[in-house]
Amino acid sequence: MSDKKVAVVTGSAAGLGKAIATRLAQDGFAVVLHDINADNLAKVKAEFDQKGWQNIAVQGNVANRADQFRLAEEAVKAFGRLDVWVNNAGVESVGTFLSLDEAEIDRVLGVNIKGVIFGTQAAAEQMKKQKTISKIINACSIAGHESYEMLSLYCATKHAVRSFTHSTAKELAQYNIRVNAYCPGVADTPMWERIDAAFVQHKGYKPKQAWTEFTAGILAGRPQQPEDVACLVSFLSSPDSDYITGQTILTDGGMVFR
């Protein structure tokens, strides 16, 4: 087994996932890049290769269990071990709950809930074989601590991720696997551009009105940047967090207080 630690980051071709993968590479991890979008994934891999960061790229759909187990297999095949698994991939759903149809429900639950479950299963099966402390880190949200109008389905999935993080931390403790989650606030990513557009469509907001309202009360005085989230994931991936498990940690600049 190599001495170099290995991290898998799902949905790492854009947004928060790319920032997390970048930070872990800077921290010295060999990184397994992953995304459903092959073109975006290829671009990020080229950036990593140019910087000399050890990596592989695996395309896949987190909502597909076989894809998740294949992702773990590819990581071990390339690097011989698996130390950190970041269940980052997620999708938003914005609109009234009355407008939700079965296809939308299946789409969002598939990525945000099944994706975390399958990723955790795939990671745990490998990590159980290893003697070192391993980390599974889930993407939760302030929407896992609070419930917001127009985001009912998204909030429901993130509440599920929060509970799943607690339960799996208890089940996996005997294998020295720590399970935690990061809970971002309002980050300047393409996802929030889509949320803002949906408020325009469904609520008659002006462009950027939702963004302005959600960010106005942030105590840190600015919207979140992807790097802010990456800093927390870096800590949760490091030995400094070895005594932390079962926690869903808010990183929102001061929006939600729990």
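The shown structure was predicted, so the numbers you read here are calculated from the model rather than taken from an experiment. (Residues numbered from 1 in each chain as written. Predicted model: local features only at pLDDT ≥ 70, side-chain atom pairs only at ≥ 80, totals over all residues. Heavy atoms only, no water.)

This paragraph deals with the packing of aromatic side chains. How two aromatic rings sit relative to each other is given by the distance of their centres and the angle of their planes. Following the criterion strictly, the structure yields six aromatic pairs and no others. Residues F199 and F214 carry aromatic rings whose centres are separated by 6.0 Å and whose planes lie at 80 degrees to one another, so their mutual orientation is edge-to-face. One end of the pair, F199, is in helix α6 (residues 190–203); the other, F214, is in helix α7 (residues 209–215), and 15 residues separate them in sequence. There is no split in this pair, since F199 and F214 are both buried. Of the aromatic side chains, those joined through ring pairs into one cluster are Y148, W192, F199, Y205, W211 and F214. (Phe/Tyr/Trp six-rings, centres within 6.5 Å; stacked < 30°, edge-to-face > 60°. Helix = DSSP H or I, 4+ residues; strand = E, 2+ residues; numbered from the N terminus. Buried < 20%, exposed > 50% of the residue type's maximum accessible area, 1.4 Å probe, protein only.)

Turning our eyes to something else, we now look at the UniProt feature "binding site: NAD(+)" (unreviewed entry) in the protein. UniProt annotation of "binding site: NAD(+)" (unreviewed entry) refers to D35, N88, Y154, K158, P184, G185, V186, A187, D188 and T189 when read in the numbering used here. Positionally, D35 belongs in strand β2 (residues 30–35). For D35, a relative accessible area of 11% gives the class buried. When near neighbours in sequence (up to four residues on either side) are disregarded, D35 contacts G11, S12, A13, L41, V58, Q59 and G60. For D35, the side chain forms a polar contact with the main-chain nitrogen of A13, separated by 3.2 Å. Looking at where P184 falls in the secondary structure, it is placed in strand β6 (residues 177–184). Classification of P184 as buried rests on a relative accessible area of 7%. (UniProt positions renumbered as here; feature names shortened; annotations may be inferred. Contact = heavy atoms within 4.5 Å. Polar contact = N/O pair within 3.5 Å; in protein donor to acceptor, adjacent residues only side chain to side chain.)

If a strand is regular, its side chains alternate between the two faces of the sheet. Taking burial as the measure, the eight residues of β6 include eight buried ones, the bulk of the element. Summarising the sheet, strand β5 (residues 134–139) and β6 pair through six bridges and their orientation is parallel. Each residue of the ladder has a partner; that of N138, found in β6, is A181. For the segment spanning β5, helix α5 (residues 152–172) and β6, crossover handedness is right-handed. (Pairing = 2+ DSSP bridges. Right-handed = clockwise from strand over helix to strand, strands pointing away.)

Okay, the environment of G80 next. You can see G80 is positioned in the loop between α3 (65–79) and β4 (84–87). Using a relative accessible area of 31% as the deciding quantity, one classes G80 as partly exposed. G80 sits 75 residues away from K5 along the chain, and the two C-alpha atoms are 9.6 Å apart.

Before going further, it helps to spend a moment on the pattern of salt bridges. Inspection of every chain in the model, using the stated rule, returns twelve salt bridges. A salt bridge links D83 to R81, with the nearest nitrogen and oxygen atoms 2.7 Å apart. Taken as a pair, D83 and R81 share a single burial class, namely buried. (Salt bridge = Lys/Arg side-chain N within 4 Å of Asp/Glu carboxyl O.)

Turning our attention to the environment of L16. Counting through the fold element by element, L16 comes out in helix α1 (residues 15–26). For L16, a relative accessible area of 18% translates into the label buried. Distance in space between the C-alpha atoms of L16 and W211 is 17 Å, their sequence separation being 195 residues. In this view, L16 contacts N88, P184, A187, T189, P226 and V229; residues no more than four positions away in its chain are not counted.

Turning our eyes to something else, we now look at α5. Counted at 1.5 Å a residue, the expected span for α5 with its 21 residues is 30 Å, and the 30 Å between its end C-alpha atoms agrees. When we look at burial in α5, the residues that qualify are L153, Y154, C155, T157, K158, V161, T165, T168, A169 and L172. Packing partners of the buried residues in α5 comprise α4 (102–127), β5, β6, α6 and β7 (248–251). (Expected span 1.5 Å × (residues − 1).)

Right, let's talk about unusual backbone geometry for a bit. Non-glycine residue M150 carries a positive phi angle of around 75 degrees. In this fold, M150 is placed in the loop between β5 and α5. Despite not being glycine, N176 has its phi angle at roughly 60 degrees, a positive value. Relative to the elements of secondary structure, N176 occurs in the loop between α5 and β6. Classification of N176 as partly exposed rests on a relative accessible area of 33%.

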